[in-house]
Structures are given as C-alpha cells and as structure tokens.
Amino acid sequence: MQKRAVLLTRPKADAEESAALLAARGFDTIIAPLLDIAIRAETPPLAGVQALLITSANGIRAFAQRSLRRDLAVFAVGEASARAARELGFEAVESANGDVDDLAALVRRRLQPQAGRLLHPAGSTVAGDLAAQLSHSGFGVRRYVAYTARSAHALPAAARHALKEGAVSAVLLYSPRTATIFRNLIDHAGHARDCHVVEALCLSSAVAKALAPLAFGRIRIAERPEQAALFALLPDAAQQTP
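Note that this is a predicted model, so its numbers are computed, not measured.

Asks: Where do I start with the overall build of the protein chain in this structure?
Replies: Helix and strand counts for the protein chain come out as 9 helices and 11 strands. Taken against the 2.2 N^0.38 rule, which gives 18 Å for 242 residues, the C-alpha radius of gyration of the protein chain at 19 Å falls within 12% of a compact globule. Taking the principal axes of the C-alpha coordinates as reference, the protein chain spans close to 60 × 30 × 30 Å. When the 242 residues of the protein chain are sorted by exposure, 48% land in the buried category. Pairs at least 24 apart in sequence give 63% of the contacts found in the protein chain among residues at least 6 apart. Here the protein chain has roughly 11300 Å² of accessible surface; of this, 51% comes from carbon and sulfur atoms.

Structure below.
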C-alpha cells in the first residue's frame, strides 16, 4: 500500500531542503509553500555594522543577493539559518539553537554594544521583538527589510488531492502566520473534515494555537523550536500507510 505523504508548508527553497532530508529517511513529501519570498531591491545599510542577526534562512539569502560582504559575523537563531549562512560563504557563524530570546542571549554573551551596530535582515513582518530586547542591553539594532513574504492564495492541486484522498499523514507548520494561512486555505477549499486523519506537527505552542478551531487527528508540538525536533515527531517512514 502506498505510503502517506508529509505536507511541507515552508517557502519553496526551504521546503525543497526539508523534502530532501525527509526523502533520505524514506518519507514521501508534498511541497505546498504557504509563503512566496520576494527579494527587495534596497541595498543593506552596513556603515558601522559589527554583525548580522539572522532569524530565518530567507533573511540571509536575501542579504546575500544584495551585498557581497561575507566578512561580517553572523548570529543565527537556529542551525537551519546558520547552515544557510555558511553555504553562502559566511565563515564566522554562530547558532543560538533556539528562539529569538536565545539569540538575544547569545549576542549579549559574544558582543559589546560599543563595537558597532547590529543589522537584522528580515522580512516585512517578524515574530518577536529582537531589537527591543537588545536595545535594553545598550545595542543599536536596525532591521533591514530584505524580503517580503506573500501569503499563498490556494493550496497546490497535489496537496488538495492528497488531503481529499486521505493520503496525507502529517503537515509540518513552522510559524503562527503559516498556521493561520493553512487554516484559512483549508476552510476556503472545504477540506476541514479531511484534516481529521492528519497530524499537525507544530514548531511551538503559538503555532498550534493559530490552527484553532481547525480539528486534526492529533496536534503535536516540538520539544525545541527547531526543525530537527519537528522531524523527531514523525513516526518511522514504514508506518506512513493509510
């Protein structure tokens, strides 16, 4: 019997990376990006900047498209964004392996406010207030809007068909925003009942909360806010059968 698939909702580049990792573990996947990333044209303001703060892989990718600088230190919220920075040629990269609070704590341990400003390449909307946390410690932080993340208007046909046929075992959700988009698209497409046999695997309790009142077979929350912990919630690939 054909294995049921894992639905990946990250932006296309991130979802493809996740799909490759899951394929290596024997999972079938369906890519259904809920956000479309559009790089903005503005040049990053780098005068007096001592380091970059990265809260998503898309932030460092967008920065790298607008600047050739690779000598700046990079402080990333998690290993996925840190890995993206290294792949782009940044050498001085540290990961907080957590959330925005952990990133702020890492910066306080490693940097001094008087050494220069911090630049946060990010999207037009962000979760948490990193700048406020660090400004209380004397750091000057500027958010550089490097990209815009536009909401999807519909789920891809392959995802809708798989949901209708009961061929989705789990959906991976990484942010409250994408959870809200998913809930709205499911409601609009009339697939709410199809989610009763799907597990919603969420990066945090805030992500899970954003799914209400949509009902799933089960909603589970990662132990840590990182993809590896989210993957750990998946059963063995051999169990992905209807």
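Asks: What should I look at first to understand the sheet that holds strand β5 (residues 73-76) in this one?
Replies: Sheet architecture is open: 6 strands sit in the order β3-β8-β7-β4-β5-β6, paired in mixed fashion. Each edge of the open sheet carries a strand with a single partner, namely β3 (35-39) and β6 (93-95). Averaged over neighbouring strand pairs, the angle between their axes works out to 25 degrees when direction is ignored. Across 3 bridges, the pairing between strand β4 (residues 49-54) and strand β7 (residues 117-123) is parallel. Bridge pairing links Ala51 to Leu118 in β7. Contacts from helix α7 (residues 176-189) reach β3 and β8 (141-151), with the element oriented near 15 degrees to β8.

Asks: I tried to follow the pairing of β8 on my own but got confused; where do I start?
Replies: Here is the key point about a regular strand: its side chains alternate between the two faces of the sheet. Where β3 meets β8, 5 bridges bridge the pair, whose relative direction is antiparallel. When the sheet's bridge partners are listed, Ile37 is paired in β8 with Ala149. Where β7 meets β8, 6 bridges bridge the pair, whose relative direction is parallel. Paired with Leu119 across the two strands is Arg142, which belongs to β8.

Asks: What am I meant to see in the nonpolar core here?
Replies: Nonpolar side chains tend toward joint burial in soluble globular proteins. Core analysis: the largest hydrophobic core is formed by 50 residues, its most contacted members being Leu52, Phe63, Leu155, Phe182 and Phe216. Take this core: its biggest share by element is 5 residues, from α7. The contacts of Leu52, once residues within four sequence positions are left out, are Ile60, Phe63, Leu72, Ala73, Val74, Phe75, Phe90, Leu119 and Pro121. If you look at the next biggest cluster of nonpolar residues, it comprises 17 residues, including Tyr174, Ala229, Phe231 and Leu233.

Asks: Before we go on, may I ask you to explain the environment of Arg117 in this structure?
Replies: Residue placement: Arg117 occurs in strand β7. For Arg117, a relative accessible area of 29% translates into the label partly exposed. For Arg117, the residues in contact, after removing those within four places along its chain, are Pro45, Ala47, Gly48, Val49, Gln50, Ala51, Gly140 and Arg142. At 3.0 Å, the side chain of Arg117 forms a polar contact with the backbone oxygen of Ala47.

Rules behind the numbers
- Residues numbered from 1 in each chain as written.
- Predicted model: local features only at pLDDT ≥ 70, side-chain atom pairs only at ≥ 80, totals over all residues.
- Heavy atoms only, no water.
- Helix = DSSP H or I, 4+ residues; strand = E, 2+ residues; numbered from the N terminus.
- Rg over C-alpha atoms; globule rule 2.2 N^0.38 Å.
- Buried < 20%, exposed > 50% of the residue type's maximum accessible area, 1.4 Å probe, protein only.
- Contact = heavy atoms within 4.5 Å.
- Areas by Shrake-Rupley, 256 points an atom, 1.4 Å probe, with all protein chains shown as cover.
- Pairing = 2+ DSSP bridges.
- Axes fitted to C-alpha atoms, helices over the stretch in contact; angles between N-to-C directions.
- Core = buried A, V, L, I, M, F, W, Y, C linked by side-chain atoms within 4.5 Å.
- Polar contact = N/O pair within 3.5 Å; in protein donor to acceptor, adjacent residues only side chain to side chain.

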